Amino acid sequence: MTTKLFGEPVQRREDPRLLTGQGRYLDDLGPGALAAAFVRSPHAHARIRDIDVSGALDVEGLVAIYTWEDLPGRAGQPLPLLIPHPALTHGRTAYPLAKDVVRHVGEPVVMVVARDRYLAEDACALIEVDYEFLKPVVGVEEALRSGNLVHEDVPDNVGAHMVQEVPSADGRGAAEAIEAAPYSLEFRLDIERSASMPLEGRGVYARWDADDHSLRVYSSTQTSTSVRMAIAATLGLPLPKVEVIAPDVGGGFGVKIMHPWPEEILVPWAAITLGREVKWTEDRREHFISSAHERAQVQQVKVGFDGEGHVLGLDVTILHDHGAYTPYGIIVPIITSTQLLGPYRIGAYRVEFSSVYTNTVQVTPYRGAGRPQGVFCMERTMDHISRHLGLDRAAVRAANFIQPDEFPYDQGMIFQDGRPLIYDSGDYPESLRMLKELIDWDGFPARKAEAAARGRRLGIGIGCYVEGTGVGPYEGGHVQVTSDGRVHVSTGLTSQGQGHETVFAQIAASELGVPLERVSVVTGDTRRFGYAVGTFASRAAVMSGNAIALACRKVREKALRIAADALEADPRDLSITDGVVHVAGDPRASIPLATVAVLSNPLRYAFDEEAKRATQFAGGGSADRPPIEEGDEPGLEGREYYSPIRSTFASGMHAAIVETDPDTAEITILRYAVVHDCGNLINPMIVEGQIHGGVAQGVGGALYERMVYDQHGQLLNASFMDFLMPYVTEVPAVETAHLETPSPLNPLGIKGAGEAGVIPVSAVIASAVEDAEDFPIDRMPLSPSELFDLRSRHGTG
Ligand code: MCN
């Protein structure tokens, strides 16, 4: 690399646009489009006896009303189940509009299209649906106990049951290892439901071009290519006749990935059927009751260990609340059960989970995707062991760490991508050393004692994790240098605020040796890049980053070849700096990359000054060769795909100091420290921003955010008045240090960072509160009133 932009804290170039109101979000588009609105089920479980739309027919501006019966062919089938798995014996997905039965409050039943949203909502209010009530099931334990079935044909409400077991080196199973261990403990953990709450909800806007027989769809999505494929397949359109564009997207955090939402099928279908532009923008209540939730699990843990805290056997049984449907199969509990192992070498491990249906909103991946639950389980376990043995909590973790010379380290499990769970690199002891120094771990007991002398309760907590990032199967990058010397980069995955316009430009500028200002980046537009997987699983940097680097290398090689020809030099003697190709040792022998771009196209119309100069500059190649040689293409551009053999494992360790109020049980985070390792950093400032945002979300999950369902399946806090999120006043300043252990698996040596911040926060806060209060914390989130109750229960209140 000739221009050092990779690794620099370059300012986010998208921010001036986004922060000054210049962003173009879904609802900014199609101001004249017809509006769709939905009648959604008010009941958690009911049979639809009749739908009477007659009362709505006179509403002024009404254009159409659709129920399930109106949906043609595949559009009337259940939505796809994206990731089937042999353990998922009873996978179920919803119909785009409910057919016969509704299984959670908020399930769409009728779609109305009208001149504007107000009129569409008015019409919705006048449609009468006659429901026969069925008994709802809420909560995983209730679902297993009660005879009420969410799906009539799913016995016991269990959609999937899976066991993975890794015996110890001496061949013992987990039960045997625990039995034989000098010490053992058993405990239960409860983690409640939460959800990703992007500032911008979901939304779709579709335009049908009857002349061209083609459809253009804008969706606030994390995966425009999957939306495109789903629309083409469901509505029977040839793929090239469907284009999907993700405009600026105001956050996704998982809820906008891959699986087609009903609205992403229904709105385009209505646009085609009506021959008009149609748009739907989700409102906040719809987001609460109709999109997706995550996290809810009950975990039963048994652990056996020796006197130094080495884990000899671990047995975890998980009840995973899947809500009413399983559009992504069992990906979330699989991630929990595999990544639970963290940075540790565990003697023998057995994990069993049941994925349980309930009459609540479906569960799909939310930032961290099952890992916060796994880390909560493992880190609580480490704290239980330390407490039992009276050992330092950091020392017990260190005793179990996989050592730097043990990589690649095979955990013996099968990862969520169906491949072996192998960690590629890391240095966990060094991470811990850095973290202890950052938070002054060893100095804390004195600080705690000093505070206690003044009547204050302080506690310190710690949490460690690993994260498989950059999952495949592929991502691509396209790079083109035009005759004005500009570099146009595109990749198919989308952006929701991660700073991709900046980091991908940094990669291209570094690889090609051009100034950053000359690079532009387009993401999430199937017109520019048709094959892509999408933005989730902290994969954009690894996947598109490497694909773009490879495409740049291809372009660079071609540029050097053409330049060498023009300069009559050896390509190996050339370098590119500041957008100019130079011959080593001859400062006057140079040619701008812009000129090389002109020379790359034998059809040299001189449309601009640069092209005119270039045409005069050199003949561009030998007279005895054809203008385009075999295997070559005109233009200075290249497309490459990156497809890894397996995921690369990022890791990190967090620590927090909290204060709990002896009277009110209020929990205040006084300090929060992070050591993070995502391999080579492309942009440390962006990674820190990602970590800070993740920690803020994690603080929400640890102390505030929960979905409160009553026994009738009604979500009681479906608004920002009642669903508490941390404000800036509750989020601590995050002190961050980076460790860079490059990944040996990809050319840039990078690992992902986008979810890292959120993953261990609940575990860390629990650890710190436990230290302050001196009794075990077994649930998340933890409100002051719950802490108050726990104090009473433990006789310390
Ligand atoms: N990065 C870097 N160096 C590295 C690794 C990453 O500079 N070694 C940069 C990347 O280039 C990128 C950012 O850090 O700009 C995050 O990179 P990555 O880990 O690849 O994550 P993705 O870009 O794939 O983003 C997805 C991830 C996920 S899974 C969720 S959920 C999430 C998140 O990112 N949703 C977000 N962060 C979010 N941030 C915002 N603002 N909005 C969301 O919806």
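Note that the structure is a prediction, hence the values are computed from the model and not measured. Numbering of residues starts from 1 in every chain and runs along the sequence as written. Residues qualify for local features only when their pLDDT is at least 70, as the model is predicted, and side-chain atom pairs are given and counted only at 80 or more; totals for whole chains, interfaces and linings, by contrast, use all residues.

Engineer: So what's going on with the UniProt feature "domain: Aldehyde oxidase/xanthine dehydrogenase a/b hammerhead" (unreviewed entry) in the protein? Which residues, and what values?
Structural biologist: Mapped onto this numbering, the UniProt entry gives "domain: Aldehyde oxidase/xanthine dehydrogenase a/b hammerhead" (unreviewed entry) at residues 20–135. Secondary structure follows DSSP: runs of H or I at least 4 residues long count as helices, runs of E at least 2 residues long count as strands, and numbering of each begins at the N terminus. Taken end to end, residues 20–135 comprises 8% helix and 29% strand; its first and last C-alpha atoms sit 50 Å apart. UniProt positions are given in the numbering used here, feature names are shortened, and annotations may be inferred rather than shown by experiment.

Engineer: Now, about the packing of helix α9 (residues 371–389) against helix α10 (residues 393–400): what can you tell me, with residues and values included?
Structural biologist: Where α9 contacts α10, the two axes come as close as 9 Å, and the packing angle between them is 115 degrees. Like other packed secondary-structure pairs, α9 and α10 cross with a definite hand, here right-handed. In this structure, α9 uses M382, D383, I385 and S386 to contact α10, whose residues at the interface are R393, V396 and R397. When its residues are assigned to classes, the contact of α9 with α10 shows 3 nonpolar, 1 polar and 3 charged. Working convention: axes come from line fits to C-alpha atoms, limited for helices to the stretch in contact. Angles between N-to-C directions cover 0 to 180 degrees. Each crossing gets its handedness from the near helix: less than a right angle anticlockwise from the far helix is left-handed, clockwise is right-handed. Contact definition: two residues whose C-beta atoms, as placed from backbone geometry, lie within 7 Å. When residues are grouped by polarity, Ala, Val, Leu, Ile, Met, Phe, Trp, Tyr, Cys and Pro land in nonpolar, Asp, Glu, Lys and Arg in charged, and all others, Gly among them, in polar.

Engineer: Describe the domain arrangement of the protein, with residues and values.
Structural biologist: Boundaries between domains were set according to an automatic or database domain assignment. The domain boundaries assigned to the protein delineate domain 1 (32–134 + 196–290), domain 2 (368–470 + 645–793) and domain 3 (472–642). For domain 2 versus domain 3, the distance between C-alpha centres works out to 42 Å. Across the boundary between the two partners, domain 2 contributes 18 residues, which contact 17 residues of domain 3. Elements represented by at least two residues in the side of domain 2 that touches domain 3 include exactly β18 (457–469) and α17 (684–704). In terms of residue class, the side of domain 2 that touches domain 3 is built from 6 nonpolar, 8 polar and 4 charged.

Engineer: Mind laying out the environment of C678, listing which residues take part and the relevant values?
Structural biologist: Relative to the elements of secondary structure, C678 occurs in the loop between β27 (667–677) and α17. Given 31 C-beta atoms within 10 Å, C678 falls into the buried group. Here the alpha-carbon distance between C678 and K751, two residues 73 residues apart in the chain, equals 4.5 Å. When neighbours within four sequence positions are excluded, C678 is seen to be in contact with A650, V687, I750, K751, G752, A753 and A756. The exposure scheme places C-beta atoms from the backbone and then counts, for each residue, the other C-beta atoms within 10 Å of its own, assigning buried at 20 or more, exposed at 12 or fewer, and partly exposed in between.

Engineer: Tell me about the sheet that holds strand β6 (residues 128–133), and please be specific about residues and values.
Structural biologist: The strands that make up a sheet pair up through hydrogen bonds in the backbone, lying either parallel or antiparallel. As summarised here, the arrangement of the 3 strands in space is β4-β2-β6, forming an open sheet in which the pairing is antiparallel. The strands lining the two open edges of the sheet, one partner per strand, are β4 (101–102) and β6. The pairing criterion for strands is at least two bridges between them, as found by DSSP. Across 6 bridges, the pairing between strand β2 (residues 46–52) and β6 is antiparallel. Bridge assignment links A46 to a residue of β6, and that residue is F133.

Engineer: Run through the sheet that holds strand β3 (residues 62–66), naming residues and quoting values.
Structural biologist: Taken in spatial order, the 7 strands line up as β3-β5-β1-β12-β9-β10-β11 in an open sheet, and their pairing is mixed. This sheet does not close on itself; its edge strands, each paired only once, are β3 and β11 (242–245). Going from strand to strand, the sheet's axes swing by 20 degrees on average, the running direction of each strand aside. Bridge count between strand β1 (residues 34–40) and strand β5 (residues 108–114): 6 bridges; the pairing is antiparallel.

Engineer: Lay out the nonpolar core in plain terms, naming residues and giving numbers.
Structural biologist: Core membership is restricted to buried Ala, Val, Leu, Ile, Met, Phe, Trp, Tyr and Cys residues, and these are joined into a nonpolar core through C-beta atoms within 7 Å. Counting residues in each nonpolar core, the largest one holds 183 residues, and the members touching the most others are A508, I548, A559, V596, I765 and V769. Here this core takes 16 residues from helix α14 (residues 540–567), the largest share from any one element. With residues near it in sequence (within four places) discarded, I765 still touches G461, A656, V658, A702 and L703. Of all hydrophobic cores here, the second largest spans 54 residues; its members include A46, V204, L215 and W280.

Engineer: Describe the environment of Y409, and please don't skip the residues or the numbers.
Structural biologist: Mapped onto the elements of the fold, Y409 is located in strand β16 (residues 409–414). In the structure, Y409 is positioned 131 residues away from V278 in sequence and 52 Å away in space, judged by C-alpha atoms. Not counting chain neighbours up to four residues away, the residues in contact with Y409 comprise I402, I422 and Y423.

Engineer: Just give me the short version of the site of the ligand, but keep the residues and values in it.
Structural biologist: We call a residue near a molecule or strand when its C-beta atom, built from the backbone, sits within 6 Å of it. Taken together, 37 residues are adjacent to the ligand, and G497, A540, A541, G752 and G754 come closest. When residues of the shell around the ligand are traced back to their parent elements, those giving at least two are α13 (500–512), α14 and α17. Considering every element that reaches the shell around the ligand, the biggest residue donor is α17, with 4 residues. Along the lines of polarity and charge, the residues of the shell around the ligand split into 15 nonpolar, 18 polar and 4 charged.

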